[in-house]
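Each chain, written out:
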Amino acid sequence: MIKLSKVSKSYGKKTVVNQVDLSVSAGESVAVIGHNGAGKTTLMKLILGLVRPSSGVLDIATEQGKDPHSDIGFLPETVFFQGEMTGRQVLEFYAKLKQAPRHQCTELMAWVGLNDSANARVKTYSKGMRQRLGLAQALLGKPKLLLLDEPTTGLDPFLRHHFYQILRNCQAKGTAILISSHALSEIEGKIDKVLIMKQGQVVIQGTLDQLREAAKLPTQIRVIVLPGKELIFKGFQQQSPHAINGEDHFGTFSFQCQQHQTVELMNVIMAQQANIKDVQIIPPRLDDLYAHFVGKESHP
Amino acid sequence: MNAIATIVQAEFQRSIRNRWALASVILLASLAFSLVVLGSTPIGDSRASLMSITTVSLSSLSLYLIPLVALTISFDAIVGEQEQGTLLLLLTYPISRWQIILGKFLGHLAVLLLAILLGYGSAGLYLVRLESSTISDWISYAQMMGSSLLLGAVFISLGCLISLLSKVRASAIGAAVGAWLFLLVLYDLILLGLILADKEQQLLPIVFDALVLINPADAYRLYNLAGSEAASMVSGVASLTDSVSANGLLGLMCIWIVLLLSSAMYLFSRKEL
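In this text, all values refer to a predicted model and were calculated from it rather than measured experimentally. (Residues numbered from 1 in each chain as written. Chains lettered and ligands numbered in written order. Predicted model: local features only at pLDDT ≥ 70, side-chain atom pairs only at ≥ 80, totals over all residues. Heavy atoms only, no water.)

This part is about the interface of chain A and chain B. Counting residues at the interface gives 29 residues for chain A, matched by 26 residues for chain B. The contact between chain A and chain B buries some 2,500 Å² in all, and 58% of this surface belongs to carbon and sulfur atoms. Per-residue buried area on chain A facing chain B is highest for L50(A), Q82(A) and L97(A); these three make up 27% of the total on that side. For the pair chain A and chain B, the number of links is two salt bridges. Here E272(B) makes a salt bridge to R52(A), at a shortest N to O gap of 3.8 Å. (Contact = heavy atoms within 4.5 Å. Buried area = accessible area lost by both parts, 1.4 Å probe. Salt bridge = Lys/Arg side-chain N within 4 Å of Asp/Glu carboxyl O.)

Structure follows, in structure tokens:
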């Protein structure tokens, strides 16, 4: 759907986006994560054509002779509307611009839970309500590409859940999704690919598993033993003495091991399964991976 | 085409909602009615009809007021949305930037049209009830209304351009007031000063003519004076209007509209957000 090759954007001497390669195909979802000022928003503006790239090639697949904007749904980081208009008027205005059917407005208003306040002026809306209205306008006209800049800020947990459900639906229908977020634990498992940006450059991109492999961060294994029982892992400890950092803590043992050791360690543990109540395997989370790739060097 | 109509409609509705349209109507109506009332009080002896007196006096006040109203509606067009934060989202919709400018221009023009029709029109109808008027009186009154709209259109385009060039609303207000002051007050003073300074008459009269004509406000003034009986009383102006026809003056204003709007469209298309 979109393809960026070596796209850069500089303002004067300051390079905000530096040689970014990125492609999002139909039905794929990609999350862009990074510190504030890492270039996430500029990246979105580049794709939207709001700023022109200083160098590089940017391709958006659209039907010939059609304005690419009619296939894009965008939710800005902070969304504003004309305060004097009612929520419904706002949505109908955007629907007309996008040539979306009128009944879609009613559907979307209901979906984001704004039906009761559809006829209230937008200036009386709370931040969460504005965000929901912003979400509704992004989904007008069944976009083929969704660009969402920190979409879940101001949404309550229920709506967040709802929001990701809708994203899944869109994705299933072939919509490409590019989402920027700070809520790492939230997007984990809900997106296909992650792109980590730092100072305008792509630090790494790939699936979560690819990132884990590259980071070589330890997997954590927690074993909860039955009362009064012990775990014995003599042979394993000699092999990799650093693997076990866990002390017996209320009958819980923690292990850290590299990906390739997991199976081996699990064998040691499972051999004593009569003593074990529960086993938890915790792979490195996106937070850990992010901290690994970005945070280990100095935070700006 | 649809997209432009959507913007026109939105702009028009916005000025209805924020009472701006209402304020303009009331302003122009109260001005027109007060001139009618003033003109109908018998002072001295005039052979001119009440309607032609009103036409002349209304046009000379419109010269100052219409640009002010037009600039006040339009200075906000782009910079207002930018400050409000709605421009970013609008530009991600399938609408070209020139369409946004044109839509805003037409929307503001519609507000001005409404204000002139209701404000001046109602005063005109009231005049008809006061005394019997001739067709030619009516025509010149209508021409005054039409040329006022055209003058307004020039200043709406100017307001759009100012709005585009300003980074914040406050500076757009400043620039709009400055433009109004320059074109309507200072410009003529400067010309007058030039004429006075040029005692040797080194500058050709045609240069002065051109300098007068180039200002759309002066073109409006000439158009309305030329169309009235009072024109002959103002020497100098008459000679100028010999060289340019009344339609030529309207044409000059149209050229300004095209120039200002197209440069606003061009600059907007180059703008990065």
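The structure having been displayed, the exposition proceeds.
Once that is clear, we can look at the pattern of salt bridges. Under the definition given, this model contains 19 salt bridges over all chains. Each of E188(A), D209(A), R212(A) and R285(A) takes part in salt bridges that share partners, so that together they form one network.

This next bit is on the environment of S5(A). Residues and elements named next belong to chain A. Within the secondary structure, S5 sits in strand β1 (residues 2-11). For the pair S5 and D21, spaced 16 residues apart in sequence, the C-alpha separation works out to 4.6 Å. Apart from the residues within four sequence positions on either side, S5 is in contact with V20, D21, G56 and V57. (Helix = DSSP H or I, 4+ residues; strand = E, 2+ residues; numbered from the N terminus.)

Okay, the sheet that holds strand β11 (residues 252-257) of chain A next. All names here are of chain A. Strand order in the open sheet made by the three strands is β11-β10-β12, with antiparallel pairing throughout. Edge positions in the open sheet fall to β11 and β12 (276-282), since each of these has one partner strand only. Averaged over all adjacent pairs, the angle separating strand axes in this sheet is 15°, with direction ignored. Note that strand β10 (residues 219-225) and β11 share six bridges and pair antiparallel. Bridge assignment links V223 to a residue of β11, and that residue is F253. (Pairing = 2+ DSSP bridges. Axes fitted to C-alpha atoms, helices over the stretch in contact; angles between N-to-C directions.)

Honestly, it's all geometry; don't read function into it.
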